[in-house]
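Geometric and topological summary
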Amino acid sequence: YGNFVDDLRVYVRGGTGGMGYPRLGGEGGKGGDVWFIAQERTTLKSIRDRYPQKRFVAGTGANSSVKALKGEKGKDCEVHVPLGISVLCDGGKQIGELNAAGERFLAARGGLGGSLATNFMPCKGQRRIVRLDLKLIADVGLVGFPNAGKSSLLSKISHAKPEIANYAFTTIQPELGKIMYADYKQISVADLPGLIEGAHANKGMGHKFLKHVERTKQLLLVVDISGFQLSIKTQFRTAFETILLLTKELEQYKEELLTKPALLAINKMDLPCAKDNLNELMKQLQNPQDFLHLLQEEMIPANTLEFKDVIPISTYTGEGIEELKACVRKSIDEEAEQENEEYRKKKLLLLQTSE
């Protein structure tokens, strides 16, 4: 997975409280807390490099004394983490998430200082091992089998410079790019490592890839018009079969993924026979039910993806790229409008019920 880190286990411990002062009933200071704070331009790799021990311990509370009967609170430990982090306990249960800059999560609470209730003895802080799990946040996620041309497409529509080559699995870590429009609007696009059959069962880069699709607002499936074959040992798949297989993988990982708005980019239209293949594919997409008998039972998804637009493109000649950018923009704007509309309706309902 190269240098990209999307999962980190860390040890967190709240500070111990300060000693109480029995003679005068003094109270020790509370131990410091450990906080995770979401911050832009931070990566899990930078946390790992800066803190190789991966231990975060807050300060101890001050002891109570004649000069200060109430001891000072211990120093908090603040850890800056990237946006899109899920915080999991060591058992795998999610205990919090940080999605917007400035959001905070209390990872370990400091211990109470010594007081009359504790016989003036301080309490230790909370200690545990937590896992930071990153899921990329992007407007559009590129989904497709290896070598479908996702990286080439990303380099054509944005300023990202992913590695491109004529073999499967060139992309071994997620790449983020931004499409820039004439009116300065920006749409972020994530190019994710290629799926393979059985990805939902964690084959290839299965879950490492699929978990990043969860946070993208929309899906853009990139399919090679001439079909796909991973190696000599695996079966050749036509473009139509590829679309169904991708749908099946998404569905078996998490059914909610199929409720996301989706676009379909049909790549490599510069190849000979591409036009004939496209006509055939369009027929199959209009009535997918009529062609399901061509596939084995286990390849057929329970639900098919509804595509808002189907755009034939060629990343080699640049054909259809501008049209694709326009379709992505239109789709994102429509969704935003719909969300605003729902928000307005909710506000109206709240106003009406409060009156």
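Residues numbered from 1 in each chain as written. Predicted model: local features only at pLDDT ≥ 70, side-chain atom pairs only at ≥ 80, totals over all residues. Heavy atoms only, no water.

The name an unreviewed UniProt entry assigns to the protein chain is GTP-binding protein 10, from the organism Calonectris borealis. Database annotation for the protein chain, UniProt heading Sequence similarities (unreviewed entry): "Belongs to the TRAFAC class OBG-HflX-like GTPase superfamily. OBG GTPase family." Looking at the Subcellular location (unreviewed entry) heading of the UniProt record, one finds this comment for the protein chain: "Nucleus, Nucleolus". (UniProt positions renumbered as here; feature names shortened; annotations may be inferred.)

1. A closer look at the overall build of the protein chain
Looking only at helices and strands, one finds six helices and 14 strands in the protein chain. Looking at the 355 residues of the protein chain, the share that counts as buried comes to 47%. Summarising the internal contacts of the protein chain: among those between residues at least 6 apart in sequence, 72% fall at separations of at least 24. Of the roughly 18800 Å² that the protein chain leaves accessible, carbon and sulfur atoms contribute 51%. (Helix = DSSP H or I, 4+ residues; strand = E, 2+ residues; numbered from the N terminus. Buried < 20%, exposed > 50% of the residue type's maximum accessible area, 1.4 Å probe, protein only. Contact = heavy atoms within 4.5 Å. Areas by Shrake-Rupley, 256 points an atom, 1.4 Å probe, with all protein chains shown as cover.)

2. As for the sheet that holds strand β7 (residues 104-108)
Here three strands make up an open sheet; going across it, the order is β4-β2-β7 and the pairing mixed. For this open sheet the edge positions go to β4 (77-81) and β7, each flanked by a neighbour on one side alone. Ignoring strand direction, the axes of neighbouring strands in this sheet form an average angle of 30°. Of the pairings in the sheet, the one linking strand β2 (residues 34-38) to β7 comprises four bridges and is antiparallel in character. Each bridged residue has a counterpart across the sheet, and for V34 the counterpart in β7 is A108. (Pairing = 2+ DSSP bridges. Axes fitted to C-alpha atoms, helices over the stretch in contact; angles between N-to-C directions.)

3. Focus: the sheet that holds strand β6 (residues 94-98)
Across a sheet, strands are paired by hydrogen bonds formed along the backbone, either parallel or antiparallel in direction. Across the sheet, five strands lie side by side as β3-β1-β8-β5-β6; this open sheet has mixed pairing. Each edge of the sheet is formed by a strand with only one pairing partner; in this case those strands are β3 (55-57) and β6. Neighbour-to-neighbour, the strand axes of the sheet open up by a mean angle of 25°, direction not taken into account. Across four bridges, strand β5 (residues 85-89) lies against β6 in antiparallel orientation. Residue pairing for β6: V87 is matched across the bridge by G96.

4. Remarks on the packing of helix α4 (residues 239-253) against helix α5 (residues 274-286)
It is the contact of α4 with α5, at a shortest axis distance of 9 Å, that shows an interaxial angle of 40°. Taken together, the axes of α4 and α5 are oblique relative to one another. Note on element contacts: α5 touches α4 through L281, Q284 and L285, opposite A239, F240 and I243. (Parallel < 35°, antiparallel > 145°, perpendicular 65-115°, else oblique.)

5. Section: unusual backbone geometry
Residue K54 is not a glycine yet carries a positive backbone phi of 55°. In this fold, K54 is placed in the loop between α1 (44-50) and β3. In this structure, N119 takes a positive phi of about 60° despite not being glycine. Along the chain, the position of N119 falls in the loop between β7 and β8 (127-134). The exposure class assigned to N119 is exposed, which follows from its relative accessible area of 63%.

6. Focus on the environment of G141
Tracing the backbone shows G141 in strand β9 (residues 140-143). Separated by 72 residues in the primary sequence, G141 and V213 have C-alpha atoms spaced 6.2 Å apart. For G141, the contacting residues outside a window of four places in its chain are A190, T216, Q218, L219 and L220.

7. Here we look at a nonpolar patch on the surface
A contiguous nonpolar patch, built from L24, V66 and L69 and spanning about 270 Å² of accessible area, is present on the exposed surface. Its location among the elements puts L69 in the loop between β3 and β4. The exposure class assigned to L69 is partly exposed, which follows from its relative accessible area of 37%. (Patch = residues over 30% accessible without salt bridge, like charges linked within 9 Å, V, L, I, M, F, W, Y side chains within 5 Å. Salt bridge = Lys/Arg side-chain N within 4 Å of Asp/Glu carboxyl O.)

8. Focus on the pattern of salt bridges
Under the criterion given, the structure shown has 19 salt bridges. Two residues, E27 and K70, come together in a salt bridge whose shortest N-O distance is 3.5 Å. Taken as a pair, E27 in the loop between β1 (7-13) and β2 and K70 in the loop between β3 and β4 lie far apart in primary sequence, 43 residues in all. Overall, the relative accessible area of 37% leaves E27 in the partly exposed class. For R344, the salt bridge identified is with E337, shortest N-O distance 3.4 Å. Using a relative accessible area of 45% as the deciding quantity, one classes E337 as partly exposed. Shared partners join several salt bridges into a network, and the residues in it are K30, D33, K73 and D76.

9. Let's talk about the packing of aromatic side chains
One pass over the structure, following the stated rule, counts two aromatic pairs. Geometrically, the ring pair formed by F36 and F105 is stacked, given 6.5 Å between the ring centres and 20° between the ring planes. Here F105 lies in strand β7 and F36 lies in strand β2, a separation of 69 residues in the sequence. Here F36 and F105 have matching classes, each one buried. Geometrically, the ring pair formed by Y51 and F56 is edge-to-face, given 4.9 Å between the ring centres and 70° between the ring planes. For F56, a relative accessible area of 4% translates into the label buried. (Phe/Tyr/Trp six-rings, centres within 6.5 Å; stacked < 30°, edge-to-face > 60°.)

10. What about the nonpolar core?
Of all hydrophobic cores here, the largest spans 34 residues; its most connected members are L221 and L250. Looking at this core, the elements with two or more residues in it are α3 (206-213), β12 (218-224), α4, β13 (262-267) and α5. Here this core takes seven residues from α4, the largest share from any one element. Beyond its immediate stretch of four places on either side in the chain, L221 contacts V143, L246, L263, L264, A265, L305 and F307. Counting 23 residues, the second largest nonpolar core, distinct from the first, contains V12, I85, F105 and A108. (Core = buried A, V, L, I, M, F, W, Y, C linked by side-chain atoms within 4.5 Å.)

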